Amino acid sequence: MLDDVPRDPFADDPDDPAAALGEPDDPEPLTSAERDEAMTDLADVEVFRSLLEPQGVLGLVLDCPECGEQHYFDWELLRGNLRQMIENGQPQVHEPAYQPDPTDYVTWEYARGYVDGVIDTEEQR
């Protein structure tokens, strides 16, 4: 198990409301292509964080295909989710950000463009 992944808030709780659901099915392991994609995403998140966190960006905002809403992820949660996905085939359940300030987060596309801009600037020197 990963040490840097947030702990389940109901771990070892005999009154865990999810206990009525039974034990979860074991996740299917990632295919090699899915694993490679998750590893690339993890590397991207590390680069995004190294360049954007000093600018005051707290993480990324991602569109959720399941509920159609935007979800705000801080850098540690993104990193932990990706590492959990790589190791176990699915991300750990987590609490969403509580009343995040949208101005503190950027989209994946913005982060990618920012990194590309930094690289282009460095190459022109």
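Criteria and cut-off values
Residues numbered from 1 in each chain as written. Predicted model: local features only at pLDDT ≥ 70, side-chain atom pairs only at ≥ 80, totals over all residues. Heavy atoms only, no water. Phe/Tyr/Trp six-rings, centres within 6.5 Å; stacked < 30°, edge-to-face > 60°. Helix = DSSP H or I, 4+ residues; strand = E, 2+ residues; numbered from the N terminus. Pairing = 2+ DSSP bridges. Salt bridge = Lys/Arg side-chain N within 4 Å of Asp/Glu carboxyl O. Axes fitted to C-alpha atoms, helices over the stretch in contact; angles between N-to-C directions. Parallel < 35°, antiparallel > 145°, perpendicular 65-115°, else oblique. Left-handed = near helix turned anticlockwise from the far one by under 90°. Contact = heavy atoms within 4.5 Å. Nonpolar A, V, L, I, M, F, W, Y, C, P; charged D, E, K, R; others polar.

An unreviewed UniProt entry annotates the chain as DUF5319 domain-containing protein of Streptosporangium brasiliense.

Here we look at the packing of aromatic side chains
Under the defined criterion, the tally for this structure stands at three aromatic pairs. Ring centres 5.1 Å apart and planes at 80 degrees place the aromatic pair F48 and W108 in the edge-to-face group. Pair noted here: F48 is in helix 1 (residues 32-52) and W108 is in helix 3 (residues 108-123), with a separation of 60 residues, a long-range link. For the ring pair Y110 and Y114, a centre distance of 6.4 Å and an interplane angle of 25 degrees mean the geometry is stacked.

Some thoughts on the pairing of strand 2 (residues 70-74)
The two faces of the sheet receive side chains in turn, since in a regular strand these alternate between them. Examined bridge by bridge, strand 1 (residues 59-63) and strand 2 share five bridges and lie antiparallel to one another. Across the sheet, V61 pairs through a bridge with Y72, a residue of strand 2. Adjacent in sequence and paired antiparallel, strand 1 and strand 2 are bridged by six residues, among which G68 carries a positive phi angle near 80 degrees.

A short note on the pattern of salt bridges
Evaluation of the coordinates by the stated rule reveals five salt bridges. Of the charged contacts in the structure, one is a salt bridge between E46 and R79, with a shortest N-O distance of 2.8 Å. Residue E46 is found in helix 1, and its partner R79 is found in helix 2 (residues 75-88); the two are separated by 33 residues along the sequence. The partner of R49 in a salt bridge is E76, with the nearest N and O atoms 2.4 Å apart. Taken together, the positions of R49 in helix 1 and E76 in helix 2 put the pair 27 residues apart, joining distant regions of the chain. One continuous salt-bridge network, built from bridges that share partners, spans D44, R112 and D116.

A look at unusual backbone geometry
Located in the positive-phi region is Q99, a residue other than glycine, with phi close to 45 degrees. Mapped onto the elements of the fold, Q99 is located in the loop between helix 2 and strand 3 (105-107).

Let's talk about the packing of helix 1 against helix 2
Relative to each other, helix 1 and helix 2 sit at 165 degrees, their axes nearing to 9 Å. One way to sum up the angle between helix 1 and helix 2 is to call them roughly antiparallel. The crossing of helix 1 and helix 2 is left-handed. From helix 1, R35, A38, M39, D41, L42, V45, E46, F48, R49 and L52 reach across to helix 2, where they touch W75, E76, L78, R79, L82, R83 and I86. Taken together, the residues of the contact of helix 1 with helix 2 sort by class into 10 nonpolar, no polar and seven charged.

What about the packing of helix 1 against helix 3?
Axis separation between helix 1 and helix 3 bottoms out at 10 Å; the angle between their running directions is 70 degrees. By the angle between their axes, helix 1 is roughly perpendicular relative to helix 3. Relative to helix 3, the crossing made by helix 1 is left-handed. On helix 3, the residues that touch D41, D44, V45, V47, F48, L51 and L52 of helix 1 are W108, Y110, A111, R112, Y114, V115 and V118. In terms of residue class, the contact of helix 1 with helix 3 is made up of 11 nonpolar, no polar and three charged.

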